[in-house]
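# Remarks on the overall topology
For reference, the chains in residue letters:
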Amino acid sequence: MIVGVPVETYPSERRVALVPSVAADLAKAGLEVVVQQGAGEKAGFSDDSYQKVKARLVPDRTQLFSSADVILQVNPLNAQPGAGDDLELMRSGQIVLGLLNPFGAPQTAQKLAQRGVTAFALELLPRIGRAQSMDVLTSMATIAGYKAVLVAAGELNKFFPLMMTAAGTIRPSRVFVIGAGVAGLQAIATAHRLGALVQAYDVRPAVKEQVESLGAKFVELELKTEGSEGSGGYAEVMDEEFYRRQREMMARVVAESDVVITTAAVVGRKAPMLITEEAVQGMHPGSVIVDLAAEGGGNCELTRPGEKVEYKGVTILGPTDLPSTVAHHASQMYARNVAAFLHNLVKDGQLDLNLEDEVIRDTLLTHQGEVVHPQVRELLDQPAAAPANDERKTT
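Predicted model, so just to flag it, every value in this text is computed and none were measured.

### Some thoughts on the overall build of the protein
Counting its regular elements, the protein contains 14 helices and 20 strands. The C-alpha atoms of the protein give a radius of gyration of 22 Å, which matches the 21 Å a tight globule of 395 residues would have. Counting only C-alpha atoms and orienting by the principal axes, one finds that the protein spans roughly 65 × 50 × 40 Å. In the protein, the proportion of contacts linking residues at least 24 apart, taken out of those at least 6 apart, comes to 66%. Carbon together with sulfur atoms contributes 49% to the accessible area of the protein, which is approximately 17700 Å² in total.

Shown next, in the form of structure tokens:
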């Protein structure tokens with residue numbers, strides 16, 4: 001079985017789906033790795049480094065797609081302009097692994113199905129212990145939380161740590177992190193290491209101990225939070241009255257903060273709006289908001305995805321590609337996650353599509369000309385699909 005790694009074409013994307021050390025691991029497992037020339041350059045991996053681990057380099061994208069049984073990408077079919085170019089290069093029965101944004105762009109799944117491609121959306125991976133080594137979202141959220149603090153520190157007109165100087169004492173900055181998932185916890189840890197006074201809030205009271213273990217104060221609001229945590233530890237959607245009261249209570253903490261980092265997201269839904277325009281008005285000039293939920297609509301009312309907004313002296317950032325700015329290590333983490341998934345999917349160099357395995361079944365997006373994931377079918381107004389067939393030991 002041949003695994004192909006093309007150059008990423010999504011705007012500003014610097015990651016590569018497979019790094020040389022992991023390519024070597026796949027080769028030991030009996031897979032041939034083909035890499036488009038220049039695929040790893042932006043992440044700091046030269047063509048020579050792939051050749052040293054016996055990966056085959058090809059200069060032409062068309063040649064790569066025509067020869068590969070499996071395509072590994074970070075952002076398949078998301079290039080702009082020319083988003084459909086790779087679709088024309090794909091063939092029936094080919095396998096695609098990557099971040100396919102199934103809930104935000106279900107039409108991509110439909111296009112892949114019509115092409116006969118078997119696609120796995122890594123965002124759909126179930127949150128179970130066995131799948132931790134494959135969890136791309138956790139890896140990328142770790143990077144986003146870390147980098148969000150550095151971006152905020154670069155924008156803020158103050159030091160983060162307490163400083164005792166000959167010119168007097170500099171008080172530490174106050175950082176407020178909203179959402180204590182993977183990104184939020186990493187943001188808390190990073191801000192604390194930089195010397196800031198850190199506070200954090202999450203709708204799930206169960207995370208209080210984790211927050212405090214990282215050196216932050218857990219902000220408690222007088223709200224009923226029963227049912228706030230769903231399967232896999234994700235936050236559940238609450239009603240609008242809950243969010244209204246939450247915004248009102250949180251405004252005081254926002255106002256006293258120099259930096260606010262928001263990470264609150266609900267899988268498959270629009271991000272909850274937690275910081276109103278009025279709350280931003282209450283912040284001191286020079287304060288910074290980094291909204292990591294920008295891609296899902298944002299937690300701040302003034303957020304614009306991918307843009308920097310200045311509002312009455314407050315800077316609001318809506319980054320959508322922070323992992324790509326740490327491309328070297330992000331690529332390493334992504335590649336290890338993808339390789340772990342691939343080892344589970346391919347046995348003895350051949351596809352082992354075991355639909356009794358929930359890791360494979362839940363991540364499968366398209367197969368045999370159909371969109372097979374139930375939630376994505378609903379988004380496309382399609383009726384429930386018949387169960388897909390297992391395909392064992394076939395290429």
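Now that the structure has been shown, we can carry on.
### So, the sheet that holds strand β12 (residues 259-262)
Here seven strands make up an open sheet; going across it, the order is β11-β10-β9-β12-β13-β15-β14 and the pairing mixed. This sheet does not close on itself; its edge strands, each paired only once, are β11 (217-218) and β14 (308-311). Pairing of β14 with strand β15 (residues 314-317) involves four bridges; the strand directions are antiparallel. For Val309, the partnering residue across the bridge sits in β15 and is Ile316. Against the sheet, helix α6 (residues 136-155) makes contact with β12, β13 (288-291), β14 and β15, and its axis sits at roughly 155 degrees relative to β13, the strand it touches most.

### Notes on the side chain of Thr263
Secondary-structure assignment places Thr263 in the loop between β12 and α10 (277-281). Residue classification places Thr263 among the buried positions, given a relative accessible area of 16%. Setting aside its immediate chain neighbours within four residues, Thr263 contacts Ile178, Gly179, Ala180, Ala183, Gly184, Leu292 and Asn299.

### As for the packing of aromatic side chains
Per the counting criterion, the structure on display carries one aromatic pair. Centroid distance Phe120 to Phe341: 5.4 Å. Interplanar angle 65 degrees. Geometry classified as edge-to-face. Within this pair, whereas Phe120 is found in strand β6 (residues 118-121), its partner Phe341 is found in helix α12 (residues 327-345), the two being separated by 221 residues in sequence. The class for Phe120 is buried, based on a relative accessible area of 0%.

### Brief notes about the side chain of Ser173
Inspection of the secondary structure assignment puts Ser173 in the loop between β8 (168-170) and β9 (174-178). Ser173 sits in the buried class, given a relative accessible area of 1%.

### A word on the packing of helix α1 (residues 20-28) against α12
The N-to-C vectors of α1 and α12 enclose an angle of 10 degrees; their axes lie 9 Å apart at closest approach. Taken together, α1 and α12 sit at an angle that is classed as roughly parallel. Relative to α12, the crossing made by α1 is right-handed. Contacts between α1 and α12 pair Val22, Asp25 and Leu26 from the former with Ala335, Arg336, Ala339, Leu342 and His343 from the latter. For the contact of α1 with α12, the residue count by class is five nonpolar, one polar and two charged.

### With respect to unusual backbone geometry
Residue Lys54 is not a glycine yet carries a positive backbone phi of 70 degrees. Within the fold, Lys54 resides in the loop between α2 (47-51) and β3 (56-58). On the basis of relative accessibility, which here comes to 72%, the residue Lys54 falls in the exposed class. Notably, Asn101 is not glycine yet its phi reads approximately 50 degrees, a positive angle. By the secondary structure assignment, Asn101 is in the loop between β5 (95-98) and α5 (106-115).

### Here we look at a nonpolar patch on the surface
On the surface, a nonpolar cluster with roughly 220 Å² of combined accessible area is contributed by Tyr146, Leu150 and Leu194. Structurally, the position occupied by Leu150 is in helix α6.

### A closer look at the packing of α6 against helix α7 (residues 182-193)
Close contact between α6 and α7 brings their axes to 7 Å; oriented N to C, the two are set at 35 degrees. The chirality of how α6 crosses α7 is right-handed. Of the residues in α7, those in contact with Thr138, Ala141, Thr142, Gly145, Tyr146, Val149 and Leu150 of α6 are Val182, Ala183, Gln186, Ala187, Thr190 and Ala191. Class assignment of the residues belonging to the contact of α6 with α7 gives a composition of eight nonpolar, five polar and no charged.

Reading the values: rules and limits
- Residues numbered from 1 in each chain as written.
- Predicted model: local features only at pLDDT ≥ 70, side-chain atom pairs only at ≥ 80, totals over all residues.
- Heavy atoms only, no water.
- Helix = DSSP H or I, 4+ residues; strand = E, 2+ residues; numbered from the N terminus.
- Rg over C-alpha atoms; globule rule 2.2 N^0.38 Å.
- Contact = heavy atoms within 4.5 Å.
- Areas by Shrake-Rupley, 256 points an atom, 1.4 Å probe, with all protein chains shown as cover.
- Pairing = 2+ DSSP bridges.
- Axes fitted to C-alpha atoms, helices over the stretch in contact; angles between N-to-C directions.
- Buried < 20%, exposed > 50% of the residue type's maximum accessible area, 1.4 Å probe, protein only.
- Phe/Tyr/Trp six-rings, centres within 6.5 Å; stacked < 30°, edge-to-face > 60°.
- Parallel < 35°, antiparallel > 145°, perpendicular 65-115°, else oblique.
- Left-handed = near helix turned anticlockwise from the far one by under 90°.
- Nonpolar A, V, L, I, M, F, W, Y, C, P; charged D, E, K, R; others polar.
- Patch = residues over 30% accessible without salt bridge, like charges linked within 9 Å, V, L, I, M, F, W, Y side chains within 5 Å.
- Salt bridge = Lys/Arg side-chain N within 4 Å of Asp/Glu carboxyl O.

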